[in-house]
Amino acid sequence: MNPLRDTRDARLPRVAGPCAVVLFGVTGDLARKKIMPAIYDLANRGLLPPGFGLVGFARREWADEDFAQEVHDSVREHARTPFREEVWRQLSQGIRFVAGDLADPQAFDRLRETVHSLDAERGTLGNHAFYLSIPPGLFPTVVSQIQQAGLAKKPPGAWRRVVIEKPFGHNLASAEELDRVLADVFAPDEIFRIDHYLGKETVQNILAVRFANEMFEPLWNSRYVDNIQITQAEDIGIGGRAGYYDGIGAARDVIQNHLLQLLALTAMDEPLSFDPRQVRQEKEKVLAAVTVPRDIDLHTARGQYATGWQGGVPVFGYLEEPGIPADSTTETFAAIRVDIDNRRWAGVPFYLRTGKRLGRRVTEVAVVFKRAPHLPFASTSVQELSDNALVFRIQPDEGITLRFGSKVPGVSAMEVRDVTMDFQYGDSFVDTSPEAYERLILDVLLGDPPLFPQAREVDLSWRILDPVLDRWSESGRPATYASGGWGPASAYEMIARDGRTWRRP
Ligand code: BG6
């Protein structure tokens, strides 16, 4: 029996060609929890070639074996597929480590020698992906070191790619500067910006549902849609990520990338085809049409979680978290209303919200429809009726919910109440979805770009957010909100001003 039977995913049939991944930031959380386990899971699913190498680079006095042990530990703890000795043995033979400082040219000379010898020993054929899982302030240093060490020069027939993690800049100006730094060394099709939401099966399904069916698209406009609410909520705090999070905050961390990408997929027009250029063009068009209301204070909200209780356990407030300055003004909750100035969406507000230490972990896109123009029932019969809604449940309970009114069974007067129709991934498909990082890393190695935002999408997203961030930077400390709740009072007030309420996910 094939030992991979349970773990192989039929939706990931493509196998990467010979190549090496050079990973900067190997001691970081992301590398340990996501990147290294995803590489192992790909190997375990048979999607990496025998000629595969993984080179770690860090300021540690490690030998190859020490780094291999680190990878091993992270795989044992975080991989999604079962640990198999023979897969690990094969993978670990291609593991190398280069000790050095990111600013030290000699360390990059050693890196060059390492990848060259890996090419010879493992047959990685000069195909190299540089994965920058490091603070963005270090991107320029590393990119220029890669160039100066001659690591960006590829032999004929080989490829070079660079992978970067958000935040892609701090605002539009710094994002454009980052674009220039990258463009000096890499061609646009060699740059892979990771937005892990685009690697999620449920996010890709937004386009499938919209464009593979006939029954949704006719309703997908201002004639039938009242508003769209996009929520990414977490019940956890910032954990050990003070160094990354403070000064960035919820809007830059999540709205600028994940939520605006969800908005683009929900609101864009149908692309001519699923060719990456066509999809990108439609996303860019809709992002370019997004506007933020002029009175930012009335249509946005931000907050910081307060000391309190969550799930019966005492929790720190943001300002008490280790490593956070007592006077930090960084927001851990952000909500904004945006509009889309085009024929399809004129007059339909899009509400985006995200936060830490909220009621529960949930991400969803809710398309809320208008009320029926006329209800031929007595008002008492439809009292409890809410708006029709189509909800893409991105996570954790992956699926789609349709909410509509239905007659309550019985012989008494006509009474109509909300009911839901549910699609659950687990009920319809037997394969488990690959983790977003598996899909995205494989796409990098295959050179398959549709799931990676390009520079212009990133810049357009900053153009949307910059006025909000500028305004917030002038308005002092955010209000606090209770841990385990749904954000500060201002979040309820901003949507109430429009005569609407937030959905309770
Ligand atoms: C990351 C943010 O991009 O997304 C984190 O930096 C956040 O702050 C995370 O926790 C959420 O990802 P997911 O896939 O758990 O929704």
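Each value, and the rule that gives it
Residues numbered from 1 in each chain as written. Predicted model: local features only at pLDDT ≥ 70, side-chain atom pairs only at ≥ 80, totals over all residues. Heavy atoms only, no water. Near = heavy atom within 4 Å. Polar contact = N/O pair within 3.5 Å; in protein donor to acceptor, adjacent residues only side chain to side chain. Areas by Shrake-Rupley, 256 points an atom, 1.4 Å probe, with all protein chains shown as cover. Nonpolar A, V, L, I, M, F, W, Y, C, P; charged D, E, K, R; others polar. Helix = DSSP H or I, 4+ residues; strand = E, 2+ residues; numbered from the N terminus. Buried < 20%, exposed > 50% of the residue type's maximum accessible area, 1.4 Å probe, protein only. Contact = heavy atoms within 4.5 Å. 1 Å grid on protein atoms, 1.4 Å probe; cavity = no way out; pocket = protein on both sides within 12 Å on 5 of 7 lines; lining within 4 Å. Points joined across faces, edges and corners; volume = space filled by probe spheres on them. Pairing = 2+ DSSP bridges. Axes fitted to C-alpha atoms, helices over the stretch in contact; angles between N-to-C directions. Arc of directions from axis to C-beta. Phe/Tyr/Trp six-rings, centres within 6.5 Å; stacked < 30°, edge-to-face > 60°. Lys NZ or Arg CZ within 6 Å of the ring centre and 35° of its normal. Parallel < 35°, antiparallel > 145°, perpendicular 65-115°, else oblique. Right-handed = clockwise from strand over helix to strand, strands pointing away. Core = buried A, V, L, I, M, F, W, Y, C linked by side-chain atoms within 4.5 Å. Left-handed = near helix turned anticlockwise from the far one by under 90°.

K.L.:
What is the right way to read the site of the ligand from this model?
P.N.:
Within the structure, the ligand sits among 13 residues, and Tyr 197, Lys 200, Glu 234, Asp 253 and Gln 395 are positioned closest to it. Within the side chain of His 258, an N or O atom sits 2.7 Å from an oxygen atom of the ligand. Isolated, the ligand exposes 400 Å² of accessible area, and the fraction of that covered by the protein chains is 83%. Classifying every residue of the shell around the ligand by side-chain character gives 2 nonpolar, 4 polar and 7 charged.

K.L.:
Help me understand the side chain of Thr 330, please; the structure alone is not making it clear to me.
P.N.:
Inspection of the secondary structure assignment puts Thr 330 in the loop between β11 (313-315) and β12 (333-340). In this structure Thr 330 comes out as buried when scored by relative accessible area, which is 8%. If near-sequence neighbours (up to four positions away) are discounted, Thr 330 is found in contact with Tyr 245, Asp 246, Gly 247, Ile 248, Gly 249, Gln 304, Tyr 318 and Pro 478.

K.L.:
Sorry, what's going on with empty space enclosed by the protein here?
P.N.:
To find the voids left in a structure, one rolls a probe of water-molecule size over its atoms. Per the stated rule, a full pass over the model turns up 3 cavities of 30 Å³ or more. Quantified by volume, the largest cavity comes out at close to 50 Å³. Top element by residues in the lining of the largest cavity is helix α10 (residues 276-288). It accounts for 4 residues. The space that makes up the second largest cavity amounts to roughly 40 Å³. Surrounding the second largest cavity, Phe 168, Asp 195, Gln 256, Asn 257, Gln 261, Pro 453, Glu 457, Val 458 and Ser 461 form its lining.

K.L.:
In this structure, what is going on with the sheet that holds strand β3 (residues 95-99)? I would like to understand it.
P.N.:
Adjacent strands of a sheet form backbone hydrogen bonds with each other and so pair up, either parallel or antiparallel. Read across the open sheet, the 6 strands follow the order β3-β2-β1-β4-β5-β6; overall the sheet is parallel. Both outer strands of the open sheet, β3 and β6 (191-194), are each paired with one neighbouring strand and no more. The average angle at which neighbouring strand axes cross in this sheet is 20 degrees, direction not considered. When strand β1 (residues 19-24) meets strand β4 (residues 128-132), the two strands line up parallel, connected through 5 bridges.

K.L.:
Looking at this structure, I do not really get the environment of Ile 228. What am I missing?
P.N.:
Tracing the chain through its elements places Ile 228 in strand β7 (residues 225-233). Every residue in contact with Ile 228, bar those within four places of it in the chain, is listed here: Thr 266, Trp 345, Val 348, Pro 349, Phe 350, Tyr 351, Val 365, Ala 366 and Val 367.

K.L.:
Help me out: how do you make sense of helix α5 (residues 139-148) in this one?
P.N.:
Note on helix geometry: an α-helix contains 3.6 residues per turn, so any two residues three or four positions apart are oriented the same way. Within α5, the full set of buried residues consists of Phe 139, Val 142, Val 143, Gln 145 and Ile 146. Take α5 and look down its axis: the buried residues cluster within an arc of 160 degrees, on one side only.

K.L.:
Help me out: how do you make sense of the packing of aromatic side chains in this one?
P.N.:
We describe a pair of aromatic rings using the distance from one ring centre to the other and the angle between the two ring planes. A full pass over the atoms with the stated rule returns 18 aromatic pairs. Plain terms: the ring middles of Phe 333 and Tyr 481 are 5.8 Å apart, the flat faces sit at 65 degrees to each other, and that makes the pair edge-to-face. In this pair, Phe 333 is assigned in strand β12 and Tyr 481 in strand β18 (residues 479-481), connecting sequence segments 148 residues apart. Across the pair, Tyr 481 and Phe 333 agree in class, each one buried. What links up through ring pairs into an aromatic cluster is the set Phe 24, Phe 57 and Phe 108. A cation sits over an aromatic face here: Arg 76 above Phe 83, 4.1 Å from the ring centre. Against the face of Tyr 197 rests Lys 200, its NZ or CZ located 4.6 Å from the ring centre.

K.L.:
Would you explain the packing of helix α1 (residues 29-44) against helix α2 (residues 64-78) in this entry?
P.N.:
Working note: a packed helix pair is described by the angle between its axes plus the distance between those axes. It is the contact of α1 with α2, at a shortest axis distance of 8 Å, that shows an interaxial angle of 95 degrees. Put simply, α1 runs roughly perpendicular to α2. Of α2, the residues touching α1 (which contributes Arg 32, Lys 33, Met 36, Pro 37 and Tyr 40) are Phe 67, Glu 70, Val 71, Ser 74, Val 75 and His 78. Residues of the contact of α1 with α2, tallied by class, amount to 6 nonpolar, 2 polar and 3 charged.

K.L.:
Help me out: how do you make sense of the pairing of strand β2 (residues 52-58) in this one?
P.N.:
Within a regular strand, the side chains alternate between the two sheet faces. Counting buried residues along β2, 7 of its 7 residues qualify, which places the element largely inside the surrounding structure. Side chains Phe 52, Leu 54, Gly 56 and Ala 58 of β2 all project onto a buried face; the interleaved residues Gly 53, Val 55 and Phe 57 project onto the opposite face, where all are buried too. Note on the crossover from β1 through α1 to β2: the handedness is right-handed. Where β2 and β3 come together, 5 bridges link them in parallel fashion. Paired with Ala 58 across the two strands is Ala 99, which belongs to β3.

K.L.:
Whenever I open this one, the nonpolar core confuses me. Can you help?
P.N.:
Soluble, globular proteins show a tendency: their nonpolar side chains are buried together. Core analysis: the largest hydrophobic core is formed by 147 residues, its most contacted members being Phe 24, Phe 108, Leu 111, Leu 132 and Leu 445. Of all the elements, helix α9 (residues 249-267) adds the most residues to this core, at 11 residues. In contact with Leu 111, not counting residues within four places along its chain, are Val 22, Phe 24, Val 55, Phe 57, Val 98 and Leu 151.

K.L.:
Can you help me understand unusual backbone geometry in this one?
P.N.:
Trans is the prevailing form of peptide bonds, just as negative phi is the prevailing case for residues other than glycine. Following Lys 166, the chain continues to Pro 167 via a peptide bond in cis, the omega torsion being 0 degrees. The linkage connecting Gln 395 with the following residue, Pro 396, adopts the cis geometry, with an omega of 0 degrees. With respect to the element layout, Pro 396 can be found in the loop between β15 (389-395) and β16 (399-407). In this structure, Leu 125 is a non-glycine residue whose phi angle is positive, near 60 degrees. If you trace the backbone, Leu 125 turns up in the loop between α4 (105-122) and β4.

K.L.:
Is there a simple way to explain the packing of α1 against helix α13 (residues 436-446) in this structure?
P.N.:
Interaxial distance between α1 and α13 falls to 9 Å at its minimum, and their mutual angle equals 65 degrees. In this view, α1 runs roughly perpendicular relative to α13, as classed from their interaxial angle. In the packing of α1 onto α13, the handedness of the crossing is right-handed. For the pair formed by α1 and α13, the contact residues are Leu 30, Lys 34, Ile 35, Ala 38, Ile 39, Asp 41 and Leu 42 on the first element and Tyr 437, Glu 438, Ile 441 and Leu 442 on the second.

K.L.:
Could you clarify how one ought to interpret the pairing of β16 in this entry?
P.N.:
Across 5 bridges, the pairing between β15 and β16 is antiparallel. In the sheet register, Leu 390 faces β16, and the bridge partner there is Leu 402. Counting the residues that bridge the hairpin from β15 to β16 gives 3 residues. Sheet topology note: the β16/strand β17 (residues 416-424) ladder contains 9 bridges and is antiparallel. Pairing of Ile 400 across the sheet is with Phe 423, part of β17.

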